[in-house]
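# Survey of secondary and tertiary structure
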Amino acid sequence: MILPFVSPRPEERRTTCRDLSLEWQTHKENQRFLNPETGICTRLRIQAMHPVPNTSQVKITDTVRKIPKLTVSLFRAPPSTVAQILLWPLKFILCSIYLLFWPLDGLPGGGVYTNTYPEYLMSYWGQMWAARSHREYSIFDKLAQMSPMPTPANFPVTVKSVTHALRPRRLAIHGESGWYLCEDPDVIINYRYVAISYRQSDVFQRGFDDEGKKREEEQKKQFIESLRSTTLQCGLQAYWLDLECLGETTEEKNIDLYRMADIYRGAVFTLITLRKSDDQYSIESWRSWGGRVWTFPEAFLSRELRYRIGLDGPVTPITLHELANKAYESYSEETAIINAYGGKDRLDRLEHLTRLKAAIWRRGSAALPKAQDLEKQLPQNGQQFQHTGTANLSYPAERVYALMGFFEHRIMPSILETELQALARLSMANDSDRMAERMVSMLPQDIQPQACWYADDDQYGSQLWDIEPEVNVAGVTENGALVLDGCRATTIRWEDFPEVSFQTTESIRRTIAGRIPVTLPGWVLYAATWMPLPATVSVGTVFFACAAFLLIAAPFLTAYSISGRILATQPWFIGVKGVMSPQEAADRVYGATLSKRQRLFFTPSGSLFARPAEDDIREGLESQYDEALRQTRDDIYTLIDTFSGTMYYFAAKRPPTVCLFTGREGGLGRFVLCSENCVVNELHKETVLRMPSYIHRAMMPCDWVAIG
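Values in this document were obtained by computation on a predicted structure and should not be read as measured data. (Residues numbered from 1 in each chain as written. Predicted model: local features only at pLDDT ≥ 70, side-chain atom pairs only at ≥ 80, totals over all residues. Heavy atoms only, no water.)

## A look at the overall build of the chain
As a reminder, the rule being used: Numbering goes from the N terminus for both helices and strands, where a helix is a DSSP run of H or I of at least four residues and a strand is a run of E of at least two. The contact rule is simple, with two residues in contact once any of their heavy atoms fall within 4.5 Å. Only the protein chains shown count as cover for residues, and the accessible areas themselves come from Shrake-Rupley with a 1.4 Å probe.
When you go through the chain residue by residue, the secondary structure sums to 23 helices and 29 strands. Of the contacts formed within the chain by residues at least 6 apart in sequence, a portion of 67% connects residues at least 24 apart. With an accessible surface of roughly 33,600 Å², the chain has 53% of that area assigned to carbon and sulfur atoms.

## Things to note about the confidence of the model for the chain
This is how the line gets drawn: The quantity known as pLDDT measures the predictor's confidence residue by residue, on a range of 0 to 100.
Averaged over all residues, the pLDDT of the chain equals 80, while 86% of them reach at least 70. Considering only residues more than four positions removed or in separate chains, one finds that residues 1–8, a stretch of pLDDT under 50, has four contacts. Counting interchain partners and residues more than four positions distant, the pLDDT-below-50 stretch residues 365–393 has 81 contacts.

## Some points on the sheet that holds strand 9 (residues 178–182)
What counts, and what does not: Only strands joined by at least two bridges in the DSSP assignment are considered to pair. Fitted lines through C-alpha atoms give the axes, limited to the stretch in contact for helices. The angle between two N-to-C directions lies from 0 to 180 degrees.
Read across the open sheet, the seven strands follow the order 9-8-11-10-12-13-14; overall the sheet is mixed. Each edge of the sheet is formed by a strand with only one pairing partner; in this case those strands are strand 9 and strand 14 (316–317). One ladder, built from two bridges, connects strand 10 (residues 194–198) with strand 11 (residues 238–240); its direction is parallel. Of the residues in strand 11, the one forming a bridge with Ala 195 is Trp 240. Running at roughly 120° to strand 12 (residues 269–274), helix 11 (residues 283–290) makes contact with strand 10, strand 12 and strand 13 (305–309) of the sheet.

## Notes on the packing of helix 1 (residues 66–75) against helix 2 (residues 82–101)
Here is the rule: For classification, angles of less than 35 degrees are called roughly parallel, those exceeding 145 degrees roughly antiparallel, those between 65 and 115 degrees roughly perpendicular, and all remaining angles oblique. Crossings are classed by handedness, with left-handed meaning an anticlockwise turn of the near helix from the far one by less than a right angle and right-handed meaning a clockwise turn.
Axis separation between helix 1 and helix 2 bottoms out at 10 Å; the angle between their running directions is 150°. With respect to helix 2, the axis of helix 1 lies roughly antiparallel. Where helix 1 crosses over helix 2, the two elements pack in a sense that is left-handed. Contacts between helix 1 and helix 2 involve Lys 66, Ile 67, Leu 70, Thr 71, Ser 73, Leu 74 and Phe 75 from the former and Trp 88, Lys 91, Phe 92, Leu 94, Cys 95, Tyr 98 and Leu 99 from the latter.

Shown next, in the form of structure tokens:
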């Protein structure tokens, strides 16, 4: 009895989930999986090399029938020790007795051979935050309708009108009566202009009291006056500066801020203004400017770059290579982008966009400081961002909106979404690039607890453009999970080793040999019937002699019937906690066959522990087994694939129960191993293995799944 003032133990806490019929069911709060045999959400029991008492871990067992197992132990190898020699007759007699009373147990095969893995039955049944198809219900679209982006009256609010522009909405122009701000499109289209790029703290300081605000206004005035003078000196009559040309109200800023990529594209050149510094080459000022989010697209989208140091410094042209040397700390990683924009080395579109994304993600903003591990941090709801100039629209997905300036198909900015939700929407809008689909197949250094599909790196050393996705993103959930369509999936068996069926060469002799022991009880029955009768005692003796002969021959006949060449093995994924050797696994998997051919091998390159051999035959080295054994951590697992006869060692926080085929890379398939969260109806990526691509044909297609 649990007292009302005593908190229940963690394993006694209860939660709810939906079953296959979408009915609610209640169960204890522990790791669970959808049983493919019953279709019921079941507590996961894990067979382990060294099971821990009072946990979900159990001893390693198998369901191989006793007669084939005894037969294999009798005839696989001759007894080599005195104890084995003494035990051999006892095993033989025991095998004969089993065949006498349970003859059907000796038939070859553990059931009907199937050439498919067990089917994964669950599907994602929830609504999506944002959907690829406009026919699907979208929570984001509903919220956007209820709380639309504030825009000026009579402004046609479309994705195109908010994110694209052929000209600035407002421009500072020098006319007959001096400088003025013009919003007349018929006038603006006649002026060539310079776009200004700067860092706010380099030209003025925010003031918080009356004196500070007065100083701020004076600094802004000096900055603007210097720009006007510089613009005229450069032979132009107009410039675009966010301090003046971005709208004053939130409604106007919403239609200005996310069209800035096209504004910088349309400028004659971009003028970079840096603060004066003590060092001779102003490297500190360059690094300060180059480390912010928005200055990166401002520079790379510009036709030409010029700079000045201080408000009265000379205007000097600068190339992208020169700018990168001065302003970018990760110059070596951005060389490919610079060469592509310089026309020297063409990049594939996806590689180009991937490198741009990585470069923008390395940069910080006022509320998202630059850090070495920033790319590995997930944005949270409510994170605040700040533009490098005066615009202070706090959109959590600012970096995605900075990146989308490089895409033709853009998305409507929204304060309602997280960075990863926005990235998923941008990927869906630009379907040919399929960035999100490719990320699903990657194995990052750190898999995040939420939105685990997101990846900036791959521990196998592959790049985003190396992955050929085999799935499509149907949408993104409110939790940031991707809803995938077109997956092939199967379940991983953890509770024990099943009796595996085999496809063998056809042989009439082996078939007859396997059927003869089934008649043993009949011979004994006939002998018992005819022996007591004096008139038929001779007949009974014949039957008895035949029964005795069969009793002795039955183990040999059974052994011969299960000794055929194995052509194919029934597909199973079998998991074990700990490190199991191929010999131990083979004894469990092939415990009902006398095939002498070794059928479990180390993977050459399928896991992080894998090590390929360097001789003529492509195979994995045994050193990966030794390396896995040396691990002192408690999260090492073994996966046996009976279909390809391959063993994998991997690390995971939780034992995965579902395997998804999501893509290809380097001549192998990418298979994502996931644990199940039945409460939120999502899968969580635990690791990624590289397996032979052909095995996906033995995996059944499944309905939508959400991986987050």
